[in-house]
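# Analysis of the macromolecular model
Below are the chains, spelled out letter by letter.
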Amino acid sequence: MNPWLYGVALVVAGVLAVLLVVDLVRDRAAQDSHFVGLAVLEVVMLVQLVGGVVALARTERDLEGAVFVSYLVTNLLVPIVAAFLALAERSRVGTTILLLGVATVAGLEVRLWDVWGGRGA
Amino acid sequence: MPERRQPSQALSQGWGRALVFAYGLFAVAATGRSAVQLGMDPDKAPLAYSLSLVAAVLYLVATTCLLLGGNTGWRVAGIAVTIELLGVLSVGTLSYVATDLFPDKTVWSHFGQGYGFLPLVLPLAGLAWLRHTSPA
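A quick note: this is a predicted structure, and the numbers were derived from the prediction, not measured.

## A short note on the overall build of chain A
- Summing up its helical and strand segments, chain A has four helices and zero strands in all.
- Counted from the first residue to the last, chain A has its helices and strands arranged as α-α-α-α.
- Computed over C-alpha atoms, the radius of gyration of chain A comes to 15 Å, within 12% of the 14 Å expected from 2.2 N^0.38 for 121 residues, which places it in the range of a compact globule.
- Here the C-alpha coordinates of chain A stretch approximately 50 × 20 × 20 Å along the principal axes.
- Counting only residues that meet the buried cut, chain A has 45% of its 121 residues in that class.
- Considering only contacts in chain A between residues 6 or more positions apart, those separated by 24 or more positions represent 80%.
- Put simply, chain A shows about 6000 Å² of open surface, and 70% of that area lies on carbon and sulfur atoms.
- Charge separation in chain A, taken as the distance between the mean sites of 8 positive and 10 negative side-chain charges, equals 5 Å.

Here it is, written out as structure tokens:
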């Protein structure tokens, strides 16, 4: 899969994480800008899911395809679930939830990279 | 007539919602991990794989109980989270001192190192939250 996609996803997740930590320290609820950032991340995840599945179908290499696709789908769902929970909890709890979600996406990006490189489940 | 004691606050609100999210994530992660491990090569590391399955069940039970709430939910969540804490502590220690027992990893190996040590923090946070919402 195109390595740029991991990079873009990690940068977006990283910037969001920094913003969220700043607001967490300031004891603020999740801001509109966070949700816009989350939407951007979601678009990247959508592109990655499509790109990943296409790349998986085209490759000849022996990969753990099920694990790869399950990570892609999970990464698509996590920001949505986190956003809904954060909207229900307009306090620093919501900000924490978004931070957990963004961290999960970043972690799974690293795992995706490993699986695509053939380094185990 | 004895007064029916209810948890002082809904288990799935406030910080409980963050816990539901975290426990839900780990329920999915542990279930996925054990499904892959047991589906591909169950004989490679039976102990590690069955522990992955136990972890998955515990995370699922804890998530469900937090969501359901009530007196029973509070108590069952307490039991699940306590077992989880004992599990992560014992498996974490064993994975360092008795490496031959674990040819493959579980969620709890090395105190959850592969998951940002969250498996170690999560039961402590869970117990603190249950204490905070104690019916007594």
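## Focus on the nonpolar core
- If you look at the biggest cluster of nonpolar residues, it comprises 72 residues, and the most contacted ones within it are Leu 41, Phe 68 and Leu 98 of chain A together with Tyr 23, Tyr 59 and Trp 108 of chain B.
- Where this core is concerned, the elements lending two or more residues are α1 (3–25), α2 (32–58), α3 (65–88) and α4 (92–116) of chain A together with α1 (15–40), α2 (46–68), α3 (70–97) and α4 (118–132) of chain B.
- It is α4 of chain A that provides the largest number of residues to this core, a total of eleven residues.
- For Tyr 59 of chain B, the contacting residues outside a window of four places in its chain are Tyr 23, Phe 26, Ala 27, Ala 30, Glu 84, Val 107, Trp 108, Pro 119 and Leu 122 of chain B.

## Focus on the packing of α4 of chain A against α1 of chain B
- Contact geometry of α4 of chain A with α1 of chain B gives a least axis separation of 8 Å together with a crossing angle of 15°. As far as their axial angle goes, α1 of chain B and α4 of chain A are roughly parallel. α1 of chain B is crossed by α4 of chain A, and the crossing has right-handed handedness. Across from Arg 92, Val 93, Thr 96, Ile 97, Leu 100, Gly 101 and Thr 104 of chain A in α4 of chain A, the residues of α1 of chain B making contact are Trp 15, Arg 17, Ala 18, Phe 21, Ala 22 and Leu 25 of chain B.

## What to know about the pattern of salt bridges
- Taken as a whole and assessed by the stated rule, the structure comprises five salt bridges over all chains.
- In this structure, Arg 28 of chain A engages Asp 23 of chain A in a salt bridge whose closest nitrogen and oxygen atoms are separated by 2.7 Å.
- Among the ionic pairs, Glu 89 of chain A bridges to Arg 17 of chain B, the shortest N-O distance being 2.4 Å. Here Glu 89 of chain A is found in the loop between α3 and α4, whereas its partner Arg 17 of chain B is found in helix α1 on a different chain.
- Judged by relative accessible area, which is 13%, Glu 89 of chain A ranks as buried.
- When its relative accessible area of 18% is taken as the criterion, Arg 17 of chain B is described as buried.
- Several salt bridges share partner residues, and in doing so they unite Asp 23, Arg 26 and Arg 28 of chain A into one network.

## Focus: the interface of chain B and chain A
- At the interface, eleven residues of chain B touch 16 residues of chain A.
- Taken together, both faces of the contact between chain B and chain A bury some 1100 Å²; the carbon and sulfur share is 80%.
- Remark: the boundary between chain B and chain A carries one salt bridge.
- Where chain B touches chain A, the interface holds two residue pairs in polar contact (both at pLDDT 80 or more).
- Top element by residues in the side of chain B that touches chain A is α1 of chain B. It accounts for eight residues.
- For the side of chain B that touches chain A, a count of residues per class yields eight nonpolar, two polar and one charged.

## Observations concerning a nonpolar patch on the surface
- Together, Val 73, Leu 77, Ile 80, Val 81 and Phe 84 of chain A make up an exposed nonpolar region whose accessible area comes to about 440 Å².
- Tracing the chain through its elements places Ile 80 of chain A in helix α3.

## Examining the packing of aromatic side chains
All names here are of chain B.
- One pass over the structure, following the stated rule, counts six aromatic pairs over all chains.
- Judged by centre distance (5.9 Å) and plane angle (55°), the ring pair of Tyr 23 and Tyr 59 falls under tilted. With a gap of 36 residues between them, Tyr 23 in helix α1 and Tyr 59 in helix α2 connect regions that are remote in the sequence.
- Owing to a relative accessible area of 1%, Tyr 23 belongs among the buried residues under this scheme.
- An angle of 40° between the planes, with centres 5.5 Å apart, marks the rings of Phe 26 and Tyr 59 as tilted. Of the two residues, Phe 26 sits in helix α1 while Tyr 59 sits in helix α2, which places them 33 residues apart along the sequence.
- For Phe 26, a relative accessible area of 7% corresponds to the buried category.
- You can call Tyr 59 buried: its relative accessible area is 0%.

Here is what the cut-offs are and how they apply
- Residues numbered from 1 in each chain as written.
- Chains lettered and ligands numbered in written order.
- Predicted model: local features only at pLDDT ≥ 70, side-chain atom pairs only at ≥ 80, totals over all residues.
- Heavy atoms only, no water.
- Helix = DSSP H or I, 4+ residues; strand = E, 2+ residues; numbered from the N terminus.
- Rg over C-alpha atoms; globule rule 2.2 N^0.38 Å.
- Buried < 20%, exposed > 50% of the residue type's maximum accessible area, 1.4 Å probe, protein only.
- Contact = heavy atoms within 4.5 Å.
- Areas by Shrake-Rupley, 256 points an atom, 1.4 Å probe, with all protein chains shown as cover.
- Lys, Arg positive; Asp, Glu negative; His and termini not counted.
- Charge placed at Lys NZ, Arg CZ, Asp CG, Glu CD.
- Core = buried A, V, L, I, M, F, W, Y, C linked by side-chain atoms within 4.5 Å.
- Axes fitted to C-alpha atoms, helices over the stretch in contact; angles between N-to-C directions.
- Parallel < 35°, antiparallel > 145°, perpendicular 65-115°, else oblique.
- Left-handed = near helix turned anticlockwise from the far one by under 90°.
- Salt bridge = Lys/Arg side-chain N within 4 Å of Asp/Glu carboxyl O.
- Buried area = accessible area lost by both parts, 1.4 Å probe.
- Polar contact = N/O pair within 3.5 Å; in protein donor to acceptor, adjacent residues only side chain to side chain.
- Nonpolar A, V, L, I, M, F, W, Y, C, P; charged D, E, K, R; others polar.
- Patch = residues over 30% accessible without salt bridge, like charges linked within 9 Å, V, L, I, M, F, W, Y side chains within 5 Å.
- Phe/Tyr/Trp six-rings, centres within 6.5 Å; stacked < 30°, edge-to-face > 60°.

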